[in-house]
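Working through the structure, step by step
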Amino acid sequence: QVQLVESGGGLVQAGGSLRLSCTASGSFFRLNDMGWYRQAPGKQRELVAVITSGGGTNYADSAKGRFTISGDNAKNTVSLQMNSLKPEDTAVYYCYVVAVSTAPKRQAGYWGQGTQVTVSS
């Protein structure tokens, strides 16, 4: 019932910046938690940053001080501003949202297809 489309990935040199965006569409009442995860080759998918509907945020230790997550509930969009990028940030980044539906009433999580971020040394 919810589709997520990510954009903003690409190739950047170390120290550069990228801004990822994710827009949700489909049938839902509202979005609660919204976040970004990433998965590098040979590694498990890990949380990068999350933002709640109330504006609270949480970051992975590796992202603190460099990444900023923000949301626009009116546009059903979550973004991740990534500064001072490092080669170890290279991964596929996935958008994840928790959506609330009212017909029927329920809450569920949804994943985007992912967008590649590559940071060259």
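Provided above is the structure to which this section pertains.
Residues numbered from 1 in each chain as written. Predicted model: local features only at pLDDT ≥ 70, side-chain atom pairs only at ≥ 80, totals over all residues. Heavy atoms only, no water.

**Here's the deal with the sheet that holds strand 3 (residues 18–26)**
Rules: By definition, two strands form a pair when at least two bridges between them are found by DSSP. Each helix corresponds to a stretch of at least 4 residues labelled H or I by DSSP, and each strand to a stretch of at least 2 residues labelled E; elements are numbered beginning at the N terminus. For helices, the fitted axis covers only the stretch in contact; all axes are lines through C-alpha atoms, and the angles between them, taken along N-to-C directions, range from 0 to 180 degrees.
Judged by pairing direction, the sheet is antiparallel, and its four strands sit side by side in the order 1-3-8-7 without closing on themselves. Edge positions in the open sheet fall to strand 1 (2–7) and strand 7 (67–72), since each of these has one partner strand only. The sheet shows a mean angle of 15° between the axes of neighbouring strands, direction not considered. Sheet topology places strand 1 next to strand 3; six bridges connect them, and they run antiparallel. From the neighbouring strand, Val 5 faces strand 3, where its bridge partner is Thr 23.

**Some remarks on the nonpolar core**
Definition in use: Within this scheme, the nonpolar core is defined by two criteria: the residues are buried Ala, Val, Leu, Ile, Met, Phe, Trp, Tyr or Cys, and they are joined through side-chain atoms within 4.5 Å. Residue burial is assigned from relative accessible area. The probe radius is 1.4 Å, only protein chains are included, and a residue is buried under 20% of its type maximum, exposed over 50%, and partly exposed in between. In what follows, residue pairs with any heavy atoms lying within 4.5 Å of each other are defined as contacts.
Ranked by internal contacts, the top residues of the largest apolar core, which has 31 residues, are Trp 36, Leu 80, Met 82 and Tyr 93. Elements with a minimum of two residues in this core: strand 1, strand 3, strand 4 (30–39), strand 5 (46–51), strand 7, strand 8 (77–82), strand 9 (91–102) and strand 11 (115–120). Beyond its immediate stretch of four places on either side in the chain, Tyr 93 contacts Glu 6, Leu 20, Trp 36, Tyr 37, Arg 38, Val 48, Phe 67, Leu 80, Met 82, Gly 114, Thr 115 and Val 117.

**Overview of the packing of aromatic side chains**
Here is the rule: Each aromatic pair joins two rings of Phe, Tyr and Trp (for Trp, the six-membered one) with centres within 6.5 Å, and gets the label stacked for planes under 30 degrees apart, edge-to-face for over 60, and tilted for any other angle. Counting as a charge over the ring demands two things of the Lys NZ or Arg CZ atom: a distance within 6 Å of the ring centre and an angle within 35 degrees of the ring normal.
Counted by the stated rule, this structure contains four aromatic pairs. Plain terms: the ring middles of Tyr 94 and Trp 111 are 6.5 Å apart, the flat faces sit at 85° to each other, and that makes the pair edge-to-face. With Tyr 94 in strand 9 and Trp 111 in strand 10 (residues 105–111), the pair connects residues that are 17 residues apart, well separated along the chain. Exposure remark for Trp 111: the relative accessible area of 37% places this residue in the partly exposed category. A connected cluster of aromatic rings, assembled from ring pairs, spans Tyr 37, Tyr 94, Tyr 96 and Trp 111. The ring of Tyr 94 has Arg 45 sitting right over it, with the charged end atom 3.6 Å from the ring centre. Between Arg 45 and the ring centre of Trp 111, over which it is positioned, the NZ or CZ distance is 4.7 Å.

**A closer look at the state of the cysteines**
We count it as follows: When the sulfur atoms of two cysteines come within 2.5 Å, that pair is taken as a disulfide.
Under the defined criterion, the tally for this structure stands at one disulfide. Here Cys 22 is linked by a disulfide to Cys 95, with a sulfur-sulfur distance of 2.1 Å. Residues Cys 22 and Cys 95 are joined through a disulfide that is left-handed, its torsion about the S-S bond being -85°. Of this pair, Cys 22 sits in strand 3 while Cys 95 is found in strand 9, placing the two residues 73 residues apart along the sequence.

**Notes on the environment of Thr 23**
Our working definition: Polar contact is defined as a pair of N or O atoms within 3.5 Å, subject to the rule that within protein one atom must be able to donate a hydrogen and the other to accept it, and that residues adjacent in sequence are counted only when both atoms are side-chain atoms.
Counting through the fold element by element, Thr 23 comes out in strand 3. Residues Thr 23 and Lys 75 lie 52 residues apart in sequence; the distance between their C-alpha atoms is 7.5 Å. When residues no more than four places from it in sequence are discounted, the contact partners of Thr 23 are Gln 3, Leu 4, Val 5, Lys 75, Asn 76 and Thr 77. Within polar-contact distance, the side chain of Thr 23 engages the side chain of Thr 77 at 3.2 Å.

By themselves, these are just geometric observations and shouldn't be taken as functional.
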